[in-house]
Amino acid sequence: MSDSEVRAATAQQRAETAEFLAGLDAASWDEPTLCEGWRVREVAAHLSMPYRTSLPRFVLGMIAARGNFDRLADRVARDDAARLSTTELVAAIGDNTEHPWKPPGAGFAGALSHDVIHGLDITVALGHTDPLPLDRMRMVLDPLNPRSVKYFSVDLDGIALQATDLDFRYGEGEMVSGRAQDLLLVLCGRKLPPGYLEGESAARFTSG
């Protein structure tokens, strides 16, 4: 896929996320997501962090976090979720669909992955099961490698993940199957609600 195709898919993903968030009631913003410890408002704040954070603020934040990006991201998400209104959070995403941000070393495909994963963190947790376009999922899954999966510290020992809607398989062993977007969440260390996965070991990646 070309950069222009990936960027177009990223813009569409951001627009869909902003539209979804704009339709939520007040209570839904405080619902937990699949991103452990974060409510919808923290995930929305994190999604829009790259567009609102200047380089000096980022550098100072990394110093305060002793070089740990996850620690920085958590603190910023909580601070910004408390400081910004839901309207401002929606606008921060919806007004930046074409923003050229990309994670260091991950390129535009990394930006798309970031938006897709955290978008699913919200929608799946809130019980919305609409499928994402399969061409978008291919753009996210094709660059996956053991190094990127290792980042999330998910235990896939003895497990083969097999997509039911896409030609995608990851790992070797006992099969756990599901939609490509649901397997993506497994690869990112998320626990899915019951009924999303099939296989004798599906419970290993299922909440509750």
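The structure this text deals with has already been given above.
Description of the structure in this document. (Residues numbered from 1 in each chain as written. Predicted model: local features only at pLDDT ≥ 70, side-chain atom pairs only at ≥ 80, totals over all residues. Heavy atoms only, no water.)

1. Quick look at the packing of aromatic side chains
Working definition: an aromatic ring pair is given by the centre-to-centre distance plus the angle between the planes.
And step 1. For the coordinates displayed, the defined rule picks out one aromatic pair.
And step 2. Seen from their ring centres, Tyr151 and Phe152 are 5.2 Å apart, and the 90° between their planes marks the pair as edge-to-face.
And step 3. Seen from the ring of Phe108, Lys102 lies directly overhead, with NZ or CZ sitting 4.4 Å from the centre. (Phe/Tyr/Trp six-rings, centres within 6.5 Å; stacked < 30°, edge-to-face > 60°. Lys NZ or Arg CZ within 6 Å of the ring centre and 35° of its normal.)

2. Section: the pairing of strand β1 (residues 159-163)
Regular strands place side chains that alternate from one sheet face to the opposite one.
And step 1. In terms of burial, β1 is a largely internal element, five of the five residues being buried.
And step 2. Across the two faces of β1 the burial is the same, with Ile159, Leu161 and Ala163 and Ala160 and Gln162 all buried.
And step 3. Strand direction decides the pairing type here: β1 and strand β3 (residues 174-178), joined by five bridges, are parallel. The residue of β3 that forms the bridge with Ile159 is Glu174.
And step 4. Relative to strand β2 (residues 169-170), β1 is paired through two bridges, and the arrangement is antiparallel. Within β2, the residue paired with Leu161 across the bridge is Tyr170.
And step 5. Counting the residues between successive antiparallel strands, the hairpin from β1 to β2 contains five residues. (Buried < 20%, exposed > 50% of the residue type's maximum accessible area, 1.4 Å probe, protein only. Helix = DSSP H or I, 4+ residues; strand = E, 2+ residues; numbered from the N terminus. Pairing = 2+ DSSP bridges.)

3. Some details on the nonpolar core
And step 1. Counting 36 residues, the largest nonpolar core has Leu156, Leu184 and Leu197 as its most contacted members.
And step 2. Contact partners of Leu156, with chain neighbours within four places excluded, come to Val149, Leu161, Tyr170, Val186, Leu187, Arg204 and Phe205.
And step 3. In this structure, Leu21, Val40, Val43 and Leu84 belong to the second largest nonpolar core, which totals 19 residues. (Core = buried A, V, L, I, M, F, W, Y, C linked by side-chain atoms within 4.5 Å. Contact = heavy atoms within 4.5 Å.)

4. Quick notes on helix α4 (residues 69-83)
And step 1. Compared with an ideal rise of 1.5 Å per residue, which puts 15 residues at 21 Å, α4 spans 21 Å between its outermost C-alpha atoms and is within 8% of the ideal.
And step 2. Buried residues of α4: Leu72, Ala73, Val76, Ala77, Asp80 and Ala81, and no others. Seen end-on, α4 carries its buried residues on one side only, within an arc spanning 150°. (Expected span 1.5 Å × (residues − 1). Arc of directions from axis to C-beta.)

5. Some words on the pattern of salt bridges
And step 1. In total, this model carries eleven salt bridges according to the counting rule given.
And step 2. The residue Asp121 makes a salt bridge to Arg190 at a minimum N-O spacing of 2.7 Å. Of the two residues, Asp121 is situated in helix α6 (residues 107-125) and Arg190 in the segment after α9 (180-187); the sequence distance between them amounts to 69 residues.
And step 3. With relative accessibility at 10%, the residue Arg190 sits in the buried group.
And step 4. Residue Arg204 is joined to Asp155 by a salt bridge in which the shortest nitrogen-to-oxygen separation is 3.4 Å. Pair noted here: Arg204 is in the segment after α9 and Asp155 is in the loop between α8 (146-150) and β1, with a separation of 49 residues, a long-range link.
And step 5. Judged by its relative accessible area of 31%, Arg204 falls in the partly exposed class.
And step 6. Taken together, the shared-partner salt bridges in this structure form one network comprising Asp30, Arg39, Arg41 and Glu42. (Salt bridge = Lys/Arg side-chain N within 4 Å of Asp/Glu carboxyl O.)

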